[in-house]
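Structural overview for review
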Amino acid sequence: MTLSVAFLWGLLAALGLMTLVWGAAMRRRDASLVDRFWGIGFIVVGVLWWGMAGFPAAGLWMLVPVVLWGLRLSAYITWRNWGHGEDARYTAMRGELSDAAFARRSLVTIFGLQGALVAVIGLPVLAGVSAQSMQPLLLAAGLAAWAFGFVFETVADLQMARFRADPQRRGEVMDRGLWRYSRHPNYFGEIVVWVGYGLLALAAGGWWGIPSAVLMIVLILRVSGVTLLESHLHETRPGYADYVARTPALIPGRPRRR
């Protein structure tokens, strides 16, 4: 199996999955379904690539973390969004187009794009699941980083979920638990997870997977994560400016005195 052939099959699998999700989303008039299947997409391509490599035992060091991460992420997003309807981003786009035009555009710019990104960003996964052996020190470092990030983002999400479930906290800024020390502890944990995947790719000899892990981190920081959310919260949360003034943006640290 050559890397180019494996990547092509992974790309086709990811695009196929997102096309099926697109069909369901158009029937339900809810493009937000794409977010629920982001993590599942990495599981699909990871299992496919592992099988194409002959199911190497060493590949499980990458595949198992990817499966756990993907299932948790998809389950959490599904639970968080359940009953809330379509995300405002997609609703705004839908409002500017006819149903047919929205269907065509969303297939390419939402579902197709995310499918392509799964394959491209998943290159560290390809390196890891295809490995016949792993360099022990890098393997240990990768697993440690992944486990720390996974637990960190899981705790942060649970703390936020509990906060949002309290009707007395509605409209307030979450500044408790891990959120006292970082404005985005969930994204910090996610970044550490991808550092872990990068190290696992290196342990497998797949240095060529590192740029994809870096791309994922850039997307979290500058595109779909921190920057976008910061802009939204400044506009919608009274008191958020004060929270910003005393709390580190990403890397956890001691709250600043004012």
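Here, the structure is the one placed above.
If you're wondering where the values come from, they're calculated on a predicted model, not measured in any experiment.

Cut-offs and rules
Residues numbered from 1 in each chain as written. Predicted model: local features only at pLDDT ≥ 70, side-chain atom pairs only at ≥ 80, totals over all residues. Heavy atoms only, no water. Helix = DSSP H or I, 4+ residues; strand = E, 2+ residues; numbered from the N terminus. Rg over C-alpha atoms; globule rule 2.2 N^0.38 Å. Buried < 20%, exposed > 50% of the residue type's maximum accessible area, 1.4 Å probe, protein only. Contact = heavy atoms within 4.5 Å. Areas by Shrake-Rupley, 256 points an atom, 1.4 Å probe, with all protein chains shown as cover. Lys, Arg positive; Asp, Glu negative; His and termini not counted. Charge placed at Lys NZ, Arg CZ, Asp CG, Glu CD. Axes fitted to C-alpha atoms, helices over the stretch in contact; angles between N-to-C directions. Parallel < 35°, antiparallel > 145°, perpendicular 65-115°, else oblique. Left-handed = near helix turned anticlockwise from the far one by under 90°. Nonpolar A, V, L, I, M, F, W, Y, C, P; charged D, E, K, R; others polar. Core = buried A, V, L, I, M, F, W, Y, C linked by side-chain atoms within 4.5 Å. Patch = residues over 30% accessible without salt bridge, like charges linked within 9 Å, V, L, I, M, F, W, Y side chains within 5 Å. Salt bridge = Lys/Arg side-chain N within 4 Å of Asp/Glu carboxyl O.

Glancing now at the overall build of the chain. When helices and strands are counted, the chain shows 12 helices and zero strands. Beginning at the N terminus, the succession of helices and strands in the chain can be written as α-α-α-α-α-α-α-α-α-α-α-α. In terms of overall size, the chain behaves like a compact globule, its C-alpha atoms giving a radius of gyration of 19 Å where 258 residues would be expected to give roughly 18 Å. Over its C-alpha atoms, taken along the principal directions, the chain stretches across nearly 55 × 50 × 25 Å. Here the chain holds 258 residues, and the buried ones make up 47% of them. At a minimum sequence separation of 6, the contacts of the chain that also span at least 24 residues come to 78%. Just so you have it, the chain exposes about 13100 Å², and 66% of that area is on carbon and sulfur atoms. One way to put it: in the chain the 24 positive side-chain charges average out to a point 3 Å from where the 15 negative ones average out.

Attention now goes to the packing of helix H3 (residues 38-52) against helix H4 (residues 60-81). With their axes 7 Å apart at the nearest point, H3 and H4 run at an angle of 160° to one another. The pairing of H3 with H4 is recorded here as roughly antiparallel in orientation. You can see that H3 and H4 cross each other, and the crossing is left-handed. Here H3 contributes Trp38, Gly39, Ile40, Phe42, Ile43, Gly46, Val47 and Trp50 to the contact with H4, which in turn contributes Leu60, Leu63, Val66, Val67, Trp69, Gly70, Leu71, Leu73 and Ser74. Residues that form the contact of H3 with H4 fall into these classes: 13 nonpolar, four polar and no charged.

Moving on, we get to the nonpolar core. Inside soluble globular proteins, nonpolar side chains tend to come together where they are buried. By size, the foremost hydrophobic cluster in this structure holds 54 residues, and its most contacted members are Trp38, Phe42, Trp69, Trp194 and Tyr197. Those residues in contact with Trp194 that lie beyond four places of it in its chain are Phe42, Trp69, Ile121, Ala213, Met216 and Ile217. Residues Leu17, Met18, Val34 and Phe111 belong to the second largest nonpolar core, which totals 12 residues.

In this section: the environment of Ala161. In this structure, Ala161 sits in helix H8 (residues 136-165). C-alpha of Ala161 to C-alpha of Leu73: the two residues are 88 residues apart in sequence and 14 Å apart in space.

Turning our attention to the side chain of Asn186. Here Asn186 shows up in helix H9 (residues 185-203). Those residues within four positions of Asn186 in sequence are excluded, and the remaining contacts are Glu153, Ala156, Asp157 and Trp179.

Now for a nonpolar patch on the surface. On the surface, Val5, Leu8, Trp9 and Leu12 cluster together to form a nonpolar patch covering roughly 390 Å² of accessible area. Along the chain, Trp9 falls in helix H1 (residues 3-28).

Axis separation between H4 and H9 bottoms out at 10 Å; the angle between their running directions is 160°. Accordingly, the angle class assigned to the pair H4 and H9 is roughly antiparallel. The hand of the H4/H9 crossing is left-handed. Note on element contacts: H9 touches H4 through Glu190, Val193, Trp194, Tyr197, Leu200 and Ala201, opposite Trp61, Met62, Pro65, Val66 and Trp69. Split into classes, the residues belonging to the contact of H4 with H9 amount to 10 nonpolar, no polar and one charged.

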